[in-house]
Amino acid sequence: MAEIIKRERLVPNIHCVEIEAPEIARKCQPGQFIIVMPDEKGERIPLTVADWDRESGTVTCVFLVVGTSTHKLSFLQAGDEIPVVVGPLGRPTKIEKLNTVMVIGGCYGIGAIYPLARAYKNLGSKVLTLIDVKADYLFYWKEKFEEVSDEIFVSSRDYVYDCQGYVPQILKKILRERKQKINRVYASGCTYLLYTCAQATQPARIETIVALNPIMVDGTGMCGACRVTVGGKTKFACVDGPDFDGHQVDWEELFARRKSYFDDEIQSLCYWERKTFP
Ligand code: FES
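Throughout what follows, the structure given in this document is the object of discussion. This structure is a prediction, so every number in the text was calculated from the model and none was measured.

The rules behind the values
Residues numbered from 1 in each chain as written. Predicted model: local features only at pLDDT ≥ 70, side-chain atom pairs only at ≥ 80, totals over all residues. Heavy atoms only, no water. Axes fitted to C-alpha atoms, helices over the stretch in contact; angles between N-to-C directions. Helix = DSSP H or I, 4+ residues; strand = E, 2+ residues; numbered from the N terminus. Parallel < 35°, antiparallel > 145°, perpendicular 65-115°, else oblique. Left-handed = near helix turned anticlockwise from the far one by under 90°. Contact = heavy atoms within 4.5 Å. Nonpolar A, V, L, I, M, F, W, Y, C, P; charged D, E, K, R; others polar. Pairing = 2+ DSSP bridges. Core = buried A, V, L, I, M, F, W, Y, C linked by side-chain atoms within 4.5 Å. Buried < 20%, exposed > 50% of the residue type's maximum accessible area, 1.4 Å probe, protein only. Phe/Tyr/Trp six-rings, centres within 6.5 Å; stacked < 30°, edge-to-face > 60°.

So, the packing of helix α5 (residues 167-177) against helix α6 (residues 191-201)
The N-to-C vectors of α5 and α6 enclose an angle of 25°; their axes lie 9 Å apart at closest approach. Considering the angle they form, α5 stands roughly parallel to α6. Along this stretch, α5 crosses α6, giving a crossing that reads as right-handed. Here V167, P168, L171, K172 and L175 of α5 lie close against α6, whose contacting residues are L193, T196, C197, A200 and T201. Split into classes, the residues belonging to the contact of α5 with α6 amount to seven nonpolar, two polar and one charged.

Quick word on the pairing of strand β1 (residues 2-11)
Two faces, one strand: in a regular strand the side chains alternate between the faces of the sheet. With two bridges joining them, β1 and strand β6 (residues 81-82) adopt antiparallel strand pairing. Looking across to β6, one finds that E3 is bridged to E81. Direction of pairing for β1 relative to strand β2 (residues 14-20): antiparallel, over a ladder of six bridges. The partner of I4 across the bridge, within β2, is I19. Count of turn residues in the β1/β2 antiparallel hairpin: two residues, of which N13 carries a positive phi of about 75°.

Observations concerning the nonpolar core
Core analysis: the biggest nonpolar cluster contains 34 residues, and M102, I104, L130, L212, V249 and W251 have the highest contact counts within it. Sorting elements by how many residues they give to this core places α6 first, with five residues. Apart from residues no more than four positions distant in its own chain, M102 is found in contact with L128, L130, F153, L171, I174, I182, R184, V185 and Y186. Listed in part, the 27 residues of the second largest apolar core include V11, V62, V101 and A211.

Thoughts on the packing of aromatic side chains
Applying the stated rule across the entire model yields nine aromatic pairs. On the basis of an interplanar angle of 45° and a centroid distance of 6.3 Å, the ring pair of Y192 and Y195 is categorised as tilted. With Y192 and Y195 both in helix α6, this residue pair falls three residues apart, about one helical turn. Since its relative accessible area comes to 45%, Y192 is described here as partly exposed.

Structural notes on the sheet that holds strand β8 (residues 100-106)
Overall, mixed pairing links the six strands, which are arranged β10-β9-β8-β11-β12-β15 in an open sheet. This sheet does not close on itself; its edge strands, each paired only once, are β10 (151-155) and β15 (243-245). Neighbouring strand axes in the sheet, compared pairwise and without regard to direction, differ in orientation by 20° on average. Where strand β9 (residues 126-132) and β10 come together, five bridges link them in parallel fashion. Paired with L128 across the strands is E151, a residue of β10. Helix-sheet contacts for helix α3 (residues 108-122) involve β8, β9 and β11 (184-188), and the interaxial angle to β8 is about 160°.

Okay, structure coming up:
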C-alpha cells in the first residue's frame with residue numbers, strides 16, 4: 001500500500017498526485033514511469049513521473065482524467081492508500097549537455113517534460129520549452145517552467161499568447177526563423193502531438209525523441225500490450241522505451257493499437273459512473 005500525500009486538480013481534467021514511494025523516489029530519473037492501481041479491482045495504468053523528492057520519499061505524476069482508472073484516481077484524497085505502485089519503470093531519457101534542446105509537452109505531457117527541462121538546464125544546455133494548450137488557463141506549472149527554461153513558447157488557440165496555432169506550425173516556424181541550431185527535440189503528450197512533432201522536424205533532420213504512450217499492463221516486458229514498431233523492429237515501450245526516435249516509429253500501427261479497447265473503456269466508465277453516482 002502506498003499513501004497519497006496530495007492530489008489536486010491543476011486545471012480542468014488534469015490532476016497531479018503525490019505518492020509516498022521512497023524506493024521509487026530514490027532511484028527515478030527523467031522519462032521513467034510508474035504503474036499504479038487506483039484500487040484493488042482496478043486496472044494497472046502507467047503514469048510518467050513528473051517530479052520527485054528524494055528526501056521526503058515522494059513521487060509526483062500528472063494525469064488526464066479520461067477513463068475509469070483515472071476517474072478513480074481523481075477522487076482520491078491525501079491520506080488515502082492505493083494498493084499497487086511499481087517503479088521506476090522504463091529507460092531513463094538520454095540526457096547530455098547539448099547547446100540547445102527543445103522540450104514539447106501537451107496535456108499530461110506538460111508535467112512529464114518538466115524533469116527533462118530541469119535536467120538539461122542543470123547541465124548547462126539552453127532549454128526552449130514549447131507548451132501545447134487549447135487555452136491559456138490550461139497551462140499549469142508555469143512558474144516551474146520559467147525556472148528551468150531559457151524561452152517558453154505557448155501554442156494556444158485563444159489568442160492570449162503570440163504563438164497561436166497548433167504545435168507543428170509553431171515548431172516549423174521556430175526552426176525556420178532561429179539562427180542557432182536546435183540539437184534535439186523531445187516531445188511528450190498525446191499520440192497525435194508526438195506524430196505531428198516528428199513530422200515537423202523530419203525535413204530538417206533534427207533528432208526527435210518521442211515518449212510513446214501505448215496501452216500497458218505489466219510494464220515489465222511480459223504481456224506484449226505495449227508492442228510498437230520502430231525502424232522496422234518490434235519493441236516494447238515499457239522496457240525498450242518509452243523514448244524512441246520519432247522519425248522511425250510506425251505511427252499507423254500505434255494509432256490503431258491505441259484504439260483497441262475504446263468501446264470497452266467507454267462501457268467500463270459508464271458502468272462505474274452508474275455504480276458510483278446512482
Ligand atoms: Fe506488458 Fe510492456 S506493458 S510488455
